[in-house]
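Spelled out, the chains give:
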Amino acid sequence: PTTEPQSGSGHELVVVANRLPVDARTLPDGATEWVTSPGGLVTAMESVMRTVDSGAWVGWAGSPGEAPEPFEADGMHLYPVALEQEDVEKYYEGFSNATLWPLYHDVIVDPVFHRTWWDSYVSTNRRFAQAAAPVTSRRGVVWVHDYQLQLVPEMIRAARPDVRIGFFNHIPFPPVELFSQLPKRNQILRGLLGSDVVGFQRESDSLNFLASVRKLLGYHVEGHVITVPGIGSAPAREVVAKTFPISIDSAAVSALTEDQDVIERTAQLRRDLGNPKKIVLGVDRLDYTKGIRHRLKAWQELLNDGSVDPHETVMIQVATPSRERVEAYRQLRDEVELTVGRINGDFAPIGRPAVSYQHRSFDRRDMTALFMAADVVLVTALRDGMNLVAKEYVASRPDLRGVLVLSEFAGAADELRAAVLVNPHDIDELKAATLRALAMPEEDQEEAMRSLRRQVMDNDVQAWAHSFLDELEQSGKPQDDAPAV
Ligand code: ADP
Ligand code: F6P
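Please read these numbers as outputs of a predicted model, since none were measured by experiment.

Peer 1: Describe the overall build of the chain, naming the residues involved and giving the relevant values.
Peer 2: When its secondary structure is counted, the chain shows 16 helices and 18 strands. Dimensions of the chain along its principal axes, counting C-alpha atoms only, are 75 × 50 × 40 Å. Taken over 485 residues, the chain has a buried fraction of 48%. Looking at the chain alone, contacts between residues at least 24 apart form 74% of all its contacts between residues at least 6 apart.

This is the structure we're talking about:
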């Protein structure tokens, strides 16, 4: 059966991602509530798609079972893909988040592999490809996102040789020595090479990918261009693998800081915490890659040795619930909550926390108020594709106040050179950086923040999307002999 759309139908730009921009939640009365999905991918792509006329987004609605019918939201056409409970366990929690995620993040925890997880990864990727192929217009563009869907480009190419296919990896791509451990590694590379352009966050990720293609598949690589040999009589194709550091809707975040309601929420937040002299903030999904344990250890030691006075300084740790049925995430939550309890038991004055721990989601306004209230933001990821929180903090400080402490293992460290850069594995360095940030004179804060803002305000997510799509436009050569619709 043909997967091509009827003449004149289909969307010119189709985004394919594991999650839709909104998650369906069933309320106690059986009604469905739609809430923004977690993670940086959605933050970034949602604002890109808002500027695209009649774009489509293919993804999972966040709960197992039947998929809702396609629907429209904010001018976007959403095509839900169904994941059965077994797919959620094997494709999403298993191969995506217990095999690929730890392996691609430098094996901070041990990757687990089961062959049945791989089978589910293949069949689920096929389901996403089958949902995207028929809704893409003739010679349209399909933009596939992230590690959960690395086989989708090749599957779409097989069904729709007329379309251009881009893939963007939001997380790191590991060095070839680590990637080589992955069972089915060559199938993953071939899946990705179904694309015309494969994009990465950092130059080191692009280089790691190119090295893996050269070493494991033996394909010719020149600069950023890979020659993929054709099968049988099919001609060879060229695939570009390049670096496109993702960003945020910087102007929209910055504009929120002028909103009277957000300004009032910022003041209220400080009052609620007892008007401390300084507020230190961490905002992360509750994920072992984010270095939350290292951060809390450093904070605990600073309180313990008296370098920080809990009557004057409060830490807020926002930890969004994430992947709660995956073992490493359960353990992390237990450890973080135990440590927060100990810190508060040992150091919190009556009526005020030493660490205010928030295990839930906040709306954009509250998030901006948190950034505006924070004197120091700690981004201490042990490994992170980009880390949009770092950029959101900078965009939230047009007043040029506040200090960003940033791990050199976050992609953002390649661009945000004026931050206080740290190796979060070194607890002494982390403590010293936190103290330096807390004591930084206002002139120095202003100088650093001005430089950071130049970077973030000039390089926003719209510019990122344009540069990726421009590259795709130039490099993709849809097959001219592809069947006409
Ligand atoms: P990741 O994609 O790994 O989650 P990023 O830092 O790139 O990490 O993106 C996280 C995004 O999620 C940011 O836009 C951040 O503001 C948002 N976010 C994080 N925690 C929360 C929360 N508790 N409530 C609402 N949004 C959150
Ligand atoms: O790139 C980061 C990312 O893994 C996205 O792919 C994902 O949507 C987000 O973080 C949140 O994770 P999850 O979808 O597993 O809740």
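Peer 1: Lay out the site of ligand 1 with the relevant residues and their values.
Peer 2: Residues in close proximity to ligand 1 total 15 residues, the closest being G40, T43, T320, S361 and L388. Sorting the residues of the shell around ligand 1 by element identifies α1 (40-49), β13 (278-285), β14 (313-320) and α13 (388-395) as the ones contributing at least two each. Looking at the shell around ligand 1, its residues break down into 7 nonpolar, 6 polar and 2 charged.

Peer 1: I'd love a proper account of the sheet that holds β13, names of residues and values included.
Peer 2: Here we have 6 strands laid out as an open sheet, ordered β15-β14-β13-β16-β17-β18, and parallel in their pairing. Each having just a single partner strand, β15 (355-358) and β18 (420-422) make up the two edges of the open sheet. Taken pair by pair, the neighbouring strands of this sheet meet at an average axis angle of 20°, ignoring direction.

Peer 1: With reference to specific residues and values, describe the nonpolar core.
Peer 2: Ranked by internal contacts, the top residues of the largest apolar core, which has 143 residues, are V16, L404 and V405. A total of 8 residues in this core trace back to one element, the largest contributor, which is helix α2 (residues 85-104). Every residue in contact with L404, bar those within four places of it in the chain, is listed here: V377, V379, A390, Y393, V394, L416, A419, V420 and L452.

Peer 1: Please give an account of the packing of helix α10 (residues 292-304) against helix α11 (residues 327-347) that cites residues and values.
Peer 2: Closest axis-to-axis distance for the α10/α11 pair is 10 Å, and the angle between their directions is 15°. The pairing of α10 with α11 is recorded here as roughly parallel in orientation. The handedness of the crossing between α10 and α11 comes out as left-handed. From α10, I292, R293, L296, W299, Q300 and L303 reach across to α11, where they touch E335, V336, T339, V340, I343 and F347. For the contact of α10 with α11, a count of residues per class yields 8 nonpolar, 2 polar and 2 charged.

Peer 1: Tell me what's going on with the environment of A252, and back it up with residues and numbers.
Peer 2: Here A252 is to be found in helix α8 (residues 250-256). Here the alpha-carbon distance between A252 and S396, two residues 144 residues apart in the chain, equals 9.6 Å.

Peer 1: Could you give an account of the packing of α2 against helix α3 (residues 115-132), with specific residues and numbers?
Peer 2: Put simply, α2 and α3 touch, their axes get as near as 8 Å, and they point 105° apart. The angle between α2 and α3 falls in the class roughly perpendicular. Taking contact as the criterion, the partners of E86, D87, K90, Y91, G94, F95 and T99 in α2 are, on α3, T116, W117, W118, S120, Y121 and T124. A breakdown of the residues in the contact of α2 with α3 according to their chemical character gives 5 nonpolar, 5 polar and 3 charged.

Peer 1: A description of the pairing of β15 should follow, citing residues and the corresponding values.
Peer 2: Examined bridge by bridge, β14 and β15 share 4 bridges and lie parallel to one another. Bridging from a neighbouring strand, V318 pairs with Q358 of β15. Regarding the hand of the β-α-β motif, the stretch spanning β14, α11 and β15 is right-handed.

Peer 1: Quick rundown of unusual backbone geometry? Include the residues and the values.
Peer 2: The backbone of K184 shows a phi angle near 70°, a positive value even though the residue is not glycine. Looking at the secondary structure, you find K184 in the loop between α5 (176-179) and α6 (185-192). In this structure, L400 is a non-glycine residue whose phi angle is positive, near 60°. The residue L400 is located in the loop between α13 and β17 (403-407) in this model. Judged by the 15 C-beta atoms lying within 10 Å of it, L400 is partly exposed.

Peer 1: I'd like a description of the environment of Y92, backed by residues and values.
Peer 2: Counting through the fold element by element, Y92 comes out in helix α2. C-alpha of Y92 to C-alpha of G59: the two residues are 33 residues apart in sequence and 13 Å apart in space.

Peer 1: Describe the site of ligand 2, with residues and values.
Peer 2: In the region of ligand 2, the neighbouring residues are N18, R19, P38, G39, G40, L41, D146, H170, I171, S322, R323 and G385. Of the residues assigned to the shell around ligand 2, the class counts are 3 nonpolar, 6 polar and 3 charged.

Peer 1: Just give me the short version of the sheet that holds strand β8 (residues 164-168), but keep the residues and values in it.
Peer 2: With mixed pairing, the 10 strands of this open sheet are ordered in space as β5-β6-β4-β1-β7-β8-β9-β12-β11-β10. Of all strands in the sheet, those with a lone pairing partner are β5 (71-73) and β10 (220-222), marking the two edges. Mean inter-strand twist for the sheet, computed between neighbouring axes without regard to direction, equals 25°. Where strand β1 (residues 11-19) lies against strand β7 (residues 136-145), 5 bridges are found, and the strand directions are parallel. Paired with H11 across the bridge in β7 is T136. Here α3 sits on the sheet in contact with β1, β4 (56-60), β6 (76-81) and β7, set at roughly 145° to β6.

Peer 1: Run through α11, naming residues and quoting values.
Peer 2: Helical geometry note: an α-helix holds 3.6 residues per turn, so side chains three or four residues apart project in the same direction. Taking 1.5 Å per residue as the helical rise, α11 with its 21 residues ought to reach 30 Å, and the 30 Å between its terminal C-alpha atoms agrees with that figure. Taken residue by residue, α11 has Y329, L332, V336, T339, V340 and I343 as its buried positions. Looking straight down α11, one finds that the buried residues subtend no more than 100° of arc, so they occupy a single side. Across α11 from its buried face, at more than 90 degrees, point the exposed residues E327, R330, Q331, D334, L338, G341, G345 and D346. In the core, the buried residues of α11 are packed alongside α10, β14 and β15.

Peer 1: Tell me about α6, and please be specific about residues and values.
Peer 2: Among all positions of α6, only I188, L189, G191 and L192 are buried. Down the axis of α6, the buried side of the element spans an arc of 160°, and every buried residue falls inside it. Turning to α6, the residues buried within the fold contact α4 (152-159), β8, β9 (197-200) and α7 (203-217).

Peer 1: Which residues make up the pairing of strand β3 (residues 32-36), and what values do they have?
Peer 2: Counting buried positions along β3 yields 0 of 5 residues, so the element is predominantly exposed. Between strand β2 (residues 22-26) and the antiparallel strand that follows it, β3, lie 5 residues; G30 among them carries a positive phi value of about 90°.

Here is what the cut-offs are and how they apply
- Residues numbered from 1 in each chain as written.
- Chains lettered and ligands numbered in written order.
- Predicted model: local features only at pLDDT ≥ 70, side-chain atom pairs only at ≥ 80, totals over all residues.
- Helix = DSSP H or I, 4+ residues; strand = E, 2+ residues; numbered from the N terminus.
- Buried ≥ 20, exposed ≤ 12 C-beta atoms within 10 Å, placed from the backbone.
- Contact = placed C-beta atoms within 7 Å.
- Near = placed C-beta within 6 Å.
- Nonpolar A, V, L, I, M, F, W, Y, C, P; charged D, E, K, R; others polar.
- Pairing = 2+ DSSP bridges.
- Axes fitted to C-alpha atoms, helices over the stretch in contact; angles between N-to-C directions.
- Core = buried A, V, L, I, M, F, W, Y, C linked by C-beta atoms within 7 Å.
- Parallel < 35°, antiparallel > 145°, perpendicular 65-115°, else oblique.
- Left-handed = near helix turned anticlockwise from the far one by under 90°.
- Right-handed = clockwise from strand over helix to strand, strands pointing away.
- Expected span 1.5 Å × (residues − 1).
- Arc of directions from axis to C-beta.

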